[in-house]
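The lines below spell out each chain.
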Amino acid sequence: MKSLMHTFLLSTLLGMCLNVNAITASPQNWWVGMHSKQLQIMLHEPNVAKQQWQLESHAGVELTSITHTDNPNYAFLNLAINPSAKPGVLVFSSKSGERFEYQLHARKANSSKRSGFNSSDTIYLINPDRFANGDSSNDTVKGMLEAAKPIERGGRHGGDIQGVINALPYLQKLGVTQLWLTPALENDMPSYSYHGYAITDFYTIDPRMGSNELYRDLSATAKQHGIGLVMDLVLNHFGSEHIWMTDKPTADWINFNGEFANGNHATSHARQTIQDPHASEFDKRQFSDGWFVATMPDLNQRQPLLATYLIQNAIWWIEYADLSGIRVDTYSYSDKAFLADWTKAIMTEYPNFNIVGEEWTSNPAIASYWQAGKVNNDGYTSSLPSVMDFSLQESLIQALNEEESWNTGWVKVYQSIANDFLYPNPDNLLVFADNHDMSRVYTELKQDLAKTKMAMTLLLTTRGIAQMYYGTEVLLDNTGSNDHGDIRIDFPGGFKGQPSNAFTGQGLSDEQRDMQQTITTLLNFRKQSPAIAQGKLTHFSPKAGIYSYARISDQQTVLVFLNKNTAAKSWSLAYMQEVIGQHKQAINLLTNQAISLIDTVTLAPMSATVLIIE
């Protein structure tokens, strides 16, 4: 015991003398073998800029320069890591005797060749706080500003990463192939912190969600279930309790001098100013530099040190957590020149990766501006592979709620998809019926099961990458409230004391079971259908309340009929001969019955029919 105590005291004194790892370094580690040889390490410590840092010899690594700012509490070390560099520990020391160590890891094999999510996937969107509580011990964490408040719609309910891990067998059986979690990074805010978009540490998982290690375990375990992990990143803003509000790395780190000014510096949300050739500079700045709310200060990505920080942060998470994709919140609100640099850096490092940006507009002329390959009038070049198809989402809800006429009903969907000529790659659009920021599809369709089935059938069989909001498969509903806390309702079976359980089926209504089975059938079909994954879309002008289309690949053709009529229809197939060809028979996906393709098919009232031709 005496010997152990002596060893402990000696190691403690040695650590005090060397001050090893006392400095906060971001990113906290890096990897050899990256495409970019450049690495910039942000150091944060009182008066750290006064230290004259040197890198002790490490083959293939050079400290090329040190950048100082107007804040002496920060220093930025600029390194060159050559292809010959080996993994190991970098040791930095100052003339005053301060030292810190920095780990260089080996990359996973073929990390740069990783494949991102694509049109064969179904992405399942989860608010982790509202999905499942897998570890009740972290519901409230001592020292954090907000405790669990499960009965409050805007409070923390206790869902966490362990809950998602526990649900992976269910999600695999359902047919999910990708998970998109709303941000699980630290949101140490006094209230309304559960949603994750007011980040107070860009490199740390919120302790009430789990840990960095558990997030990495989620990614690894999900892959064992055939499921990839998509991270929700926020480039535009951060939480007002972040250290940057009281100790800014540079004077220009935050837009509008770090002041919300009672709403005078709030964003206008006028996204069209980006493309508008007549827009004033005032309006452009008010949109891009304006804050969302007082608790979400707006970041100035024109500041080059911040731009590098955000680029490296994304790459760090891709490597650390083995991600298969990124979803970018409020994409167009960030500086557009920075966005071009950010996406290019990531896609250069990972050429087969995928990133989807949220541009909340139903105008495809605006949304398509951001997709890679678009030739824009102003010369702007984007490297963003995917954008979210809000146009189709809005049109689909309208189509199912309107009466049919020449300019209402299904024609809205037809026209939305006809605008695909504006996109360089419409097959890489993210299509969805709802998400965490809007009323649920079952609510929007007035709790109509048949309409909800039609909506989800279309989303899961049309072109693009399908995204489904958690609980859609069991008809989660926010009728009577548009509050985000009610839209982000607790998943049944994820929390103690709930009367029903979607994981086991216990307590579900007949309609919920019906919807869950329909979704399971559709999602598992998507996983193995070449026509859905890679097939061409050919659609036909709606008529008599029916919208129809085909997905066509060399191996398979899928015919889809969406019938809004309240009576069954004997439907002639003469107009579809160009996609049916010489085939005489198909299999009905949802009933498994053989269907003749000669002359007519019978379409049930208020239904979706999916026919498979092999």
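From a predicted model like this one, the values you see are computed outputs, not experimental measurements. (Residues numbered from 1 in each chain as written. Predicted model: local features only at pLDDT ≥ 70, side-chain atom pairs only at ≥ 80, totals over all residues. Heavy atoms only, no water.)

Trainee: Would you mind showing me how to read the packing of helix α5 (residues 212-224) against helix α7 (residues 304-321) here?
Mentor: Packed helices, taken two at a time, are described by their axes: the angle between them and the distance between them. Between α5 and α7, whose axes approach to 9 Å, the crossing angle comes to 65 degrees. Contacts between α5 and α7 pair Asn-212, Glu-213, Tyr-215, Arg-216 and Ser-219 from the former with Trp-316, Trp-317, Tyr-320 and Ala-321 from the latter. (Axes fitted to C-alpha atoms, helices over the stretch in contact; angles between N-to-C directions. Helix = DSSP H or I, 4+ residues; strand = E, 2+ residues; numbered from the N terminus. Contact = heavy atoms within 4.5 Å.)

Trainee: Any chance you could explain helix α10 (residues 390-401) here in plain terms?
Mentor: Given 3.6 residues to a turn, an α-helix orients residues that are three or four positions apart in the same direction. Along its 12 residues, α10 runs 17 Å from first to last C-alpha, staying within 8% of the 16 Å computed at 1.5 Å per residue. Within α10, 9 of the 12 residues are buried, leaving the element largely enclosed by the surrounding structure. (Expected span 1.5 Å × (residues − 1). Buried < 20%, exposed > 50% of the residue type's maximum accessible area, 1.4 Å probe, protein only.)

Trainee: Explain the environment of Phe-238 here, please?
Mentor: Mapped onto the secondary structure, Phe-238 falls in the loop between β13 (228-234) and α6 (281-289). Note on Phe-238: relative accessible area 0%, which makes it buried. Between the C-alpha atom of Phe-238 and that of Trp-291, which follows or precedes it by 53 residues, the distance is 9.9 Å. Sequence-distant contacts of Phe-238, that is, excluding residues within four places in its chain, are made with Ala-198, Ile-199, Phe-202, Trp-244, Met-245, Ile-254, Thr-295, Met-296, Pro-297 and Leu-299.

Trainee: I would appreciate a short explanation of the packing of α7 against helix α8 (residues 336-349) in the present structure.
Mentor: One way to put it is that α7 packs onto α8 with a least axis distance of 10 Å and a crossing angle of 30 degrees. When the axes of α7 and α8 are compared, the pair comes out roughly parallel. For the element pair α7 and α8, the recorded crossing hand is right-handed. Here Ala-307, Leu-310, Ile-311, Ala-314, Ile-315 and Ile-318 of α7 lie close against α8, whose contacting residues are Phe-338, Asp-341, Trp-342, Ala-345 and Ile-346. Class assignment of the residues belonging to the contact of α7 with α8 gives a composition of 10 nonpolar, no polar and 1 charged. (Parallel < 35°, antiparallel > 145°, perpendicular 65-115°, else oblique. Left-handed = near helix turned anticlockwise from the far one by under 90°. Nonpolar A, V, L, I, M, F, W, Y, C, P; charged D, E, K, R; others polar.)

Trainee: Hey, could you run me through α7 in this one?
Mentor: With 18 residues, α7 extends 26 Å between its outermost C-alpha atoms, agreeing within 8% with the 26 Å of an ideal straight helix rising 1.5 Å per residue. Its side-chain oxygen 2.7 Å from the backbone nitrogen of Leu-305, Gln-303 forms the N-cap of α7. With its phi angle positive at about 55 degrees, Asp-322 sits one or two positions after the end of α7. (Polar contact = N/O pair within 3.5 Å; in protein donor to acceptor, adjacent residues only side chain to side chain.)

Trainee: For this particular structure, what's the right way to read the domain arrangement of the protein chain?
Mentor: When the parts of a complex come together, some accessible area is lost, and that lost area is often taken as the interface size. The domain boundaries assigned to the protein chain delineate domain 1 (24-107), domain 2 (122-230 + 329-343 + 355-528) and domain 3 (536-613). For domain 1 and domain 3, the distance between their C-alpha centroids amounts to 61 Å. (Domains from an automatic or database assignment.)

Trainee: Sorry, what's going on with the sheet that holds strand β1 (residues 24-26) here?
Mentor: Note on sheets: strands pair through backbone hydrogen bonds, and any given pair is parallel or antiparallel. Taken in spatial order, the 4 strands of this open sheet run β1-β3-β6-β5, and their pairing is antiparallel. Every other strand in the sheet has two partners, leaving β1 and β5 (61-68) as the edge strands with one partner each. With strand direction ignored, the average angle separating the axes of adjacent strands in the sheet is 25 degrees. Pairing of strand β3 (residues 38-44) with strand β6 (residues 74-81), which is carried by 7 bridges, proceeds in the antiparallel orientation. Residue Ile-41 lies in a different strand from β6, and its bridge partner there is Leu-77. (Pairing = 2+ DSSP bridges.)

Trainee: Quick question: what am I supposed to make of the packing of aromatic side chains here?
Mentor: Remark: the centre distance and the inter-plane angle together describe each pair of aromatic rings, the angle taken between the planes. Considering all chains together, one arrives at 39 aromatic pairs under this definition. Pairing Tyr-170 with Phe-503 gives two aromatic rings, centres 5.1 Å apart and planes at 90 degrees, and the pair type is edge-to-face. Taken as a pair, Tyr-170 in helix α4 (residues 168-174) and Phe-503 in the loop between α14 (484-487) and α15 (510-528) lie far apart in primary sequence, 333 residues in all. On the basis of relative accessible area, Phe-503 is assigned to the partly exposed category, the value being 27%. Considering the side-chain rings of Tyr-547 and Tyr-549, the 5.4 Å spacing of their centres and the 45 degrees angle between planes classify their relative orientation as tilted. Take Tyr-547 and Tyr-549: they sit in the same class, and that class is buried. Joined through ring pairs, the aromatic side chains of Trp-30, Trp-31, Phe-202, Tyr-203, Tyr-215, Phe-238, Trp-244, Trp-253, Tyr-309, Trp-316, Trp-317 and Tyr-320 make up one cluster. Over the ring of Tyr-194 we find Arg-130; its NZ or CZ atom is 3.9 Å from the centre of that ring. (Phe/Tyr/Trp six-rings, centres within 6.5 Å; stacked < 30°, edge-to-face > 60°. Lys NZ or Arg CZ within 6 Å of the ring centre and 35° of its normal.)

Trainee: Is there a simple way to think about the side chain of Thr-267 in this case?
Mentor: Following the sequence through the fold, Thr-267 ends up in the loop between β13 and α6. A distance of 3.2 Å separates the side chain of Thr-267 from the backbone nitrogen of His-269, its partner in a polar contact. Within the structure, the side chain of Thr-267 is placed 2.9 Å from the backbone oxygen of Phe-287, a separation counted as a polar contact.

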